[in-house]
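Notes for the structure review
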Amino acid sequence: MAQRATNLFSLARQALSHHRNWPRLWAAAEPRRHYQAIIIGAGGHGLATAYYLVREHGLSDVAVIERGWVGGGNTGRNTTIVRSNYLWDESAHLYEHSLKLWEGLTRELDYNVMFSQRGVLNLAHTVHDVREAKRRVNANRLNGIDAEFLDRDGVKAVCPGLDVSPTRRFPILGATWQKRGGVARHDAVAWGFARAASRLGVDVIENCPVEGFLIDNGVCKGVRTGKGEITADKVGIVVAGQSSVLAGMAGFRLPVTSHPLQAMVSEPIKPVVPCVVMSGQVHAYVSQSDKGELVLGAGIDRRNGYGQRGSFPVLEQEAAALLELFPAFSRLRLMRSWGGTVDTCPDASPIIGRTPIDNLFINCGWGTGGFKSTPGSGWVFAHTLATGQPHPLNAPFSLDRFTSGALIDEHGAAGVAH
Amino acid sequence: MSTDLFRIPPELASPLEDIDRAHPVAFRFDGKRLRGRAGDTLASALLANGVHLVGRGIKYHRPRGIVAAGAEEPNALVQVGQGTRGEPNLKATQVALFDNLSAAPVNVWPSLKFDALAANELLSPLMVAGFYYKTFKEGPASWWDRVYEPLIRRAAGWGKAPPGPDPDTYEHTHAHCDVLVIGAGPAGLSAAKAAAESGARVMVLEDDARPGGHLLARPRRVDGRPGHQWAAETAAALAAHPEVRLLTRTTALGVYATAHVTAVERLTDHLGPGAPGPRQRLWHIRAGRIVLASGAHERPLVFADNDRPGIMLAGAVGTYVHRYGVLPGRRAVILTNNDSAYETALALLDGGGSVVAVLDTRREPSGPLVEAVRARGVPIRAGYGITGTTGRGRVKRVWISPLAEDLSPRIAETTLDCDLVAVSGGFSPVVHLWSQGQGKLAWDDRQACFVPDPARPAVEPISVAGAANGCFELAEILAQGANAGAEAARAAGFTAKATTPPGVEAPPATPPAPIWLVPSDKPPGEGVGKHFVDLQNDTTAADIALAAREGMTSVELMKRYTLAGFGTDQGKTGNINALAILAHELGKPIPEVGTTTFRPPYTPLTFGAMAGRQVGALFAPERVTPMHDRHRARGAVFEDVGPWKRARYYPEGGEDMDAAVARECRAARQAVAVLDASTLGKIEVEGPDAAAFLDRVYTNTLSTLGVGRIRYGLMLNDDGRLMDDGTVTRLGEDRYLLTTTTGGAATVMDWLEELHQTEWPELDLHLTSVTDRWAVAQVAGPKARDLLAELAPDMDLSAQALPFMRFVEGTVAGLPARVFRISFTGELSFEVAVPWSVGGALWDALFKAGGKHGLTPFGTEAMHVLRAEKGFIIVGQETDGSVTPLDLGLDWALGKKKGDYIGRRSLARADLARDDRKHLVGLLTEDPGEVLEEGAQLVDDPDQAPPMTMVGHVTSSYMSPTLERSIALALVARGRQRMGQTVHAPLADGRVVKATIVDPVFYDKEGKRRDG
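Conventions we followed
- Along each chain, numbering runs from 1 in the same order as the chain's sequence is written.
- Numbering of ligands from 1 and lettering of chains from A proceed in the order in which they are written.
- Under the rules for a predicted model, residues below a pLDDT of 70 receive no local features and side-chain atom pairs below 80 are neither given nor counted, while totals for whole chains, interfaces and linings still include all residues.
- Excluded from the side-chain calculations are hydrogens and water; all other atoms, namely the structure's heavy atoms, are used.
- Secondary structure follows DSSP: runs of H or I at least 4 residues long count as helices, runs of E at least 2 residues long count as strands, and numbering of each begins at the N terminus.
- Residue exposure (1.4 Å probe, protein chains only): buried if accessible area is under 20% of the type maximum, exposed if over 50%, otherwise partly exposed.
- By the convention used here, residues are in contact when the closest approach between their heavy atoms is within 4.5 Å.
- Every accessible area reported is derived by Shrake-Rupley at a probe size of 1.4 Å, with residue values counting cover from the shown protein chains alone.
- Two aromatic rings, drawn from Phe, Tyr or Trp (for Trp, its six-membered ring), form a pair once their centres lie within 6.5 Å of each other, and the interplanar angle then sorts them: stacked below 30 degrees, edge-to-face above 60, tilted otherwise.
- Any Lys NZ or Arg CZ that is within 6 Å of a ring centre and within 35 degrees of that ring's normal is treated as a charge sitting over the ring.
- Whether two strands pair depends on DSSP finding at least two bridges between them.
- Every axis in this analysis is a line fitted to C-alpha atoms, fitted for helices over the stretch in contact. Angles between the N-to-C directions lie between 0 and 180 degrees.
- Domain segmentation is taken from an automatic or database assignment of domains.
- Accessible area that two parts lose when put together, with a 1.4 Å probe and added across both, is what the buried area reports.
- What makes a salt bridge here is a side-chain nitrogen of Lys or Arg within 4 Å of a carboxyl oxygen of Asp or Glu, nothing more.
- Two N or O atoms count as a polar contact when they lie within 3.5 Å, although within protein this holds only if one can serve as hydrogen donor and the other as acceptor, and sequence-adjacent residues are included solely when both atoms are side-chain atoms.
- Only Asp, Glu, Lys and Arg are considered charged, only Ala, Val, Leu, Ile, Met, Phe, Trp, Tyr, Cys and Pro nonpolar, and every remaining residue, Gly among them, polar.
- UniProt positions are given in the numbering used here, feature names are shortened, and annotations may be inferred rather than shown by experiment.
- Between 65 and 115 degrees an angle is taken as roughly perpendicular, under 35 as roughly parallel, over 145 as roughly antiparallel, and anywhere else as oblique.
- The handedness criterion is simple: a crossing whose near helix is rotated anticlockwise from the far helix by less than a right angle is left-handed, and one whose near helix is rotated clockwise is right-handed.
- As a per-residue measure, pLDDT reflects the predictor's confidence and takes values from 0 up to 100.

On to the overall build of chain B, then. Across its full length, chain B holds 23 helices and 51 strands. Principal axes of the C-alpha set define a box for chain B whose edges measure 115 × 75 × 55 Å. Taking all 1012 residues of chain B together, the buried fraction comes to 61%. Sequence-distant contacts, at least 24 apart, represent 66% of the contacts inside chain B between residues at least 6 apart. For chain B, the exposed surface amounts to about 36500 Å²; the carbon and sulfur share of it is 53%.

Here you go:
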């Protein structure tokens, strides 16, 4: 069914009837008895998977089931950074594919996800940082990804608020710069995918927790939920911090540990940070939202936990890091902080592919950096579900790499060392 | 300068008044010079001057005024101070007035009075909740980045960041107590008193400058005295109690696991800039029990155009009258659904104002307060609401109408002229910290508010008393407080007696008759008026209805879609109305919709206070060696390595780095040079099982190492990747000394502790970091032995007595020393370790004796060159978390005959045994003068289009002074099988550098030089 595009004109038309006739963004749905594919988790990744399953692979019969509300997990709790300047080829290709999808996403979804290519600075503070930064820039360039190494003056030109004086405790020696990187409105990404998927006939079912799997002879036949049993030809788990819990229900183990991760925003102020600034050495990442809030990501709590609740010293450390980069921000104020649960892998790379159970697939382990890959992750996972085989882009990210040893260690290149 | 026009004449002043009329305070707002009184807040001083218009709404830029009198203020955000002490977004209601305070409105252009963006109101039919998701897509895709987003960004945000570093300082303090009482109103004081009497250590935190809570702003009697006097006396007694710490101007911000409460104490904010001492102190309090007595916030009523300046919370109006002697208006209309606003009417009348009418949404208001107001001749219109307001910059008139039984829209019946509308919609307990402590809420139908649910208590040890607990009767508040305090003390192990709460005189607190949306002539969103729910985000009732219609049926989704509760006030006043309206739209009861999560901090907290002293040089304290001053005196250039400052090179007479490094390298190769190696991590492992332990964590066998001998060791992670390297010296039968890389010292120490404590606790050993116990000078070069022999006449340092990889203790330069025959340069080399405190003396002695040998200090850069000439790796440079010892050609360091060790199993995995893995190789550029860029990627086919097939990368690259040409180390796929072949490095500047793959050992392949 062709849908009329939403734009200024439809807004004006709806205004005439006092906006009384806007449809639901996604239809309220109750589960049917059987689907071709069930995606567990209505975060960005899960919704994107459902969307591409229909859009790219022609499935007609897909449900996304969610224990809470759409986008209520890490999709709505991150610092919204999007970039693709990863070191290793496997990661670079995956994230770059995702970035390309980001670049057309607002139009693709007919929903403004406010993807803002403000550029991402990754600061180098030591001789070692500079060497690693140049290595990454070179690798990115040869992989066809925009990347530049900026010296101190270049950094200052891109982000005048940064204190680049050589007398800082960790002076800024340079930075990598990915102009095409940036930020997006995270909630809108979930809503946009939910809306677009729903328009394609996907059932988005909220308040529907998974309580178990229907597994017969090593083959997954569906799920047991708070709303009854639902059978499916294929099931995909896309539940981030809860991945190991669901894997446990299905009877297999993951090399994933869940940790609290916090982020925070300042009170809204007039524009002062024009791009995304990341630093591994002082451990900070900062950007400014369209609303004017400084968006800051803290480190993970080292302890394991499923509670979306971190500890305050981690936030203090992040504030100190912010002030090392921007000493002028000392009188600005933290407005709100929150926690999420991140699923971290030993090599800081995701797991996207098959599980030991046939017809059960998993997409997890994105750790602290999953938001940027939302469309790409959904795209490759949809391919994996639809064909039963990974796409070449996600083949290296299989679960069996922990058996073979073919790890993709992005700790060093992730910008922020956790 | 007209001033204080709205200050109540002294003869009519309330006995509660708490300003110093004799002490005028000059201040500026929006460029105008005004005068307040000591004790004023900025808000009360503005109101005393008749200033109501203090800001503009974020979306429609409608004029906005002061609404509240405390932390819950949604509107009155101001920029205070200038320059580096400028501070955006302060709530005028929380800014204590001081001399020459200068404040300005935020986000107005060109001025507060005439704001250009007020034109947005014309577009308001389009600017509904979430409109930006539906539009700003028109035109080419690039318009978002170039046109739309810059416009949005310019319009968004309140105040401005200061232009430079903060001149003020902040600090952190940790405290422990048995009972922590949050809030020093009647409940809190009563709780603290009961707890203190038991002997428990008590802390009391009060946000206000004075303890007393609502007793400071309402005429009450407690224990036969005026309530504020009782509060002052009780607080004074508490403050004098040796086990009690009472902190005012201190706001509890968050509750974290293990009863960890954060609070900020504002030390000098009320004194103005330049006051001595830290500005704010962040408290980390670990409490045995927490009594939450944080009171309640009044909530507004939602009616059409309820946002004009002069429309205030009734309780706040009462506070301004009683406490600050200010009449916020002379002709007030009161709109209420409960009795409390009648007290405000009485206060206004007593202060010399008039009350045009009380509009009570209830059909039959009654009770002593109602009768008292009626007796003063004030018309009371029962069952009435406000259907609209007018007034540019200040409310002038309200339209009123009787409410239909079903609250359907009503045409206004008549108008009332006024300059103040005091509104009360009842009270919401301040339950933020209860919720943060993981306590659940229950809906109290009688009080029409969420209260802490005693059946689902907090994970943290919190009890709640007073208004925070939904208790609004003063006598009961005091009793609850006393009970909670005594119970908390008992839970903390003290004996607390039951006390009789003092007698009180206070009007009865009747519950409100909830009304969440006062109807006007049209449904919200259809008429001209706007029913604001969140004043700070310009969220209206129509926005919430739209969100519900679009499927934002979870309260969290509604919040994110409409931004209700997302402001700097975090919706303290308006959230309840927002969720009640959502519930109404969804046809669900309020408790089923629930609240959004209460996120810390309770009020905004400066990043300065969060960072405390951890700024500037103390962000990460620099670690320096005992020789640091010597390096500095020589003009060394330093580099950051982990937490350390290391001398990178020592330029002489205007040398650049290359020249200095070349000279330093030559000295090491031809004469003698010395490196400060003190920063390398040093760990002593001691105990009967030390040898067994090390056999498990190193790839080599160390149990067979003889005493006095040294071995180079590799440490792998679980995945078989090289984690760290260093030397292992057997100091004694049960005692080893390990060295680690400078940057890896802490990681290795943690790793070993983790293994010992969690994997093999049965092994009997101790690990001790001795990095800063021993200062180390690495003396390298053909003349190293000559030099040291001179300084250590009692030691036999000959190759026979002290061969390579041996260790001996003795005296060097009169200092107790450990001498290690190890070499990272390939030259004859001794590492001389002396106690840290005499490292400088060793360095001086070396140079005193070394002059004639040509002793030259060398830095980390020359060290890197020298080791690269020898093909020695640096962990973190030749490795990156993906590299195994086999990749590096270090197979010889893997013990073949020993038992299991960390990483061994992984080395056998398929991927690690691949034959096309990257190998460490040397590279020689075609042009010997070309120094490859470190980090350059290598390809076989430089003409391939991206994505190119990369076969490796350059890990280290230098101009070698010894070889008089450039050299590089690289990791190249199948590198060891590709000796002599060419690879290409396509550089960022477009050049492609050709290089030949060679053996990674460039110099002295036979290792003849290490024995001198």
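What follows deals with the packing of aromatic side chains. Taken as a whole, this structure holds 31 aromatic pairs over all chains when the rule is applied. Taking 6.0 Å as the distance between ring centres and 40° as the angle between the ring planes, the aromatic pair formed by phenylalanine 427 of chain B and phenylalanine 472 of chain B counts as tilted. A residue pair is termed long-range when its members are at least 10 positions apart, and phenylalanine 427 of chain B in strand β25 (residues 427–429) and phenylalanine 472 of chain B in the loop between β28 (462–464) and α10 (474–491) qualify at 45 residues. A connected cluster of aromatic rings, assembled from ring pairs, spans Tyr111 and Trp191 of chain A together with Phe131, Tyr132, Tyr133, Phe136, Trp143, Trp144, Tyr148 and Tyr561 of chain B. Its guanidinium or amino end placed over the ring of tyrosine 60 of chain B, lysine 530 of chain B lies 4.8 Å from that ring's centre, counting from NZ or CZ. In this arrangement the basic side chain of arginine 696 of chain B is found over the ring face of tryptophan 760 of chain B, its NZ or CZ atom lying 5.1 Å from the centre.

All names here are of chain B. Here we have 6 strands laid out as an open sheet, ordered β42-β43-β44-β41-β35-β45, and mixed in their pairing. Looking at which strands have only one partner, the edges of the open sheet turn out to be β42 (807–812) and β45 (856–857). As judged from the 7 bridges shared by strand β41 (residues 774–780) and strand β44 (residues 829–835), these two strands associate in the antiparallel manner. Bridge assignment links valine 779 to a residue of β44, and that residue is phenylalanine 830. Along the sheet face, helix α20 (residues 784–791) touches β41, β42 and β44 and points at about 30° away from the line of β44. Helix-sheet contacts for helix α21 (residues 839–850) involve β35 (673–676), β41, β42, β43 (815–820), β44 and β45, and the interaxial angle to β35 is about 170°.

This part is about the domain arrangement of chain B. Split into domains, chain B comes out as domain 1 (1–163), domain 2 (170–296 + 429–505), domain 3 (300–425), domain 4 (629–678 + 774–866), domain 5 (681–772) and domain 6 (914–1012). Between the C-alpha centres of domain 3 of chain B and domain 4 of chain B the distance comes to 84 Å.

Listed by partner, the interface residues are 101 residues for chain A and 128 residues for chain B. Carbon and sulfur atoms make up 56% of the surface buried where chain A meets chain B, a total of about 9800 Å² over both sides. Across the chain A-chain B interface, the total number found is 12 salt bridges. One salt bridge in this structure joins aspartate 640 of chain B and arginine 169 of chain A, with 3.1 Å as the shortest N-O distance. Applying the counting criterion to the chain A and chain B interface returns 67 residue pairs in polar contact (both at pLDDT 80 or more). Sorting elements by how many residues they give to the side of chain A that touches chain B places helix α9 (residues 312–325) of chain A first, with 11 residues. The class makeup of the residues in the side of chain A that touches chain B is 47 nonpolar, 26 polar and 28 charged. Judged from the 2 bridges that link them, strand β16 (residues 333–344) of chain A and strand β32 (residues 605–606) of chain B form a sheet pairing that is antiparallel. The partner of arginine 333 of chain A across the bridge, within β32 of chain B, is threonine 606 of chain B.

Okay, the domain arrangement of chain A next. Residues and elements named next belong to chain A. Looking at the assigned domains, one finds that chain A contains domain 1 (22–80 + 186–255 + 347–414) and domain 2 (111–182 + 257–344). If you average the C-alpha positions of domain 1 and of domain 2, the two centres end up 28 Å apart. In this assembly, 25 residues from domain 1 lie in contact with 25 residues from domain 2. Here domain 1 and domain 2 share an interface that buries about 1800 Å² over both sides, 53% of which is from carbon and sulfur atoms. Sorting the residues of domain 1 by area buried against domain 2 places Arg77, Thr79 and Thr368 first, and these three jointly supply 31% of that buried surface. At the boundary of domain 1 with domain 2, the tally comes to 0 salt bridges. Seen at the junction of domain 1 and domain 2, the total is 8 residue pairs in polar contact (both at pLDDT 80 or more). Taken together, the elements giving at least two residues each to the side of domain 1 that touches domain 2 come down to α7 (186–199) and α8 (243–250). If you tally residues by element for the side of domain 1 that touches domain 2, the top one is α7, at 5 residues.

This brings us to the UniProt feature "domain: GCVT N-terminal" (unreviewed entry) in chain B. On the UniProt side, "domain: GCVT N-terminal" (unreviewed entry) is annotated at positions that read residues 627–898 of chain B here. Along residues 627–898 of chain B the backbone is 27% helical and 28% strand, and the end-to-end C-alpha distance reaches 41 Å.

Before going further, it helps to examine the UniProt feature "domain: SoxA A3" (unreviewed entry) in chain B. In this structure's numbering, the residues bearing the UniProt feature "domain: SoxA A3" (unreviewed entry) are residues 529–613 of chain B. Between the C-alpha atoms that bound residues 529–613 of chain B there is a distance of 50 Å. The span itself is 45% helix and 8% strand.

Our next topic: the packing of helix α7 (residues 340–350) of chain B against helix α8 (residues 368–375) of chain B. Residue and element names in this part refer to chain B. In contact at an axis separation of 8 Å, α7 and α8 are set at 30° when each is read in the N-to-C sense. Judged on the interaxial angle alone, α8 and α7 are roughly parallel. By crossing handedness, the relation of α7 to α8 is classed as left-handed. Here Tyr342, Glu343, Ala345 and Leu346 of α7 come into contact with α8, specifically with Leu369, Val370, Ala372 and Val373. The residue makeup of the contact of α7 with α8, split by class, is 7 nonpolar, no polar and 1 charged.

What follows deals with the confidence of the model for chain A. In this model, chain A carries a mean pLDDT of 95, and residues with pLDDT of at least 70 account for 98%. Below a pLDDT of 50 lies the segment residues 413–418 of chain A, which in the model reaches 22 contacts outside its immediate sequence neighbourhood of four places, other chains included.

All right, on to the environment of glycine 73 of chain A then. Residues and elements named next belong to chain A. Topologically, glycine 73 is positioned in the loop between β2 (62–65) and β3 (81–82). Glycine 73 sits in the partly exposed class, given a relative accessible area of 29%. Along the chain, glycine 73 and tryptophan 26 lie 47 residues apart, while their C-alpha atoms are 18 Å from each other.

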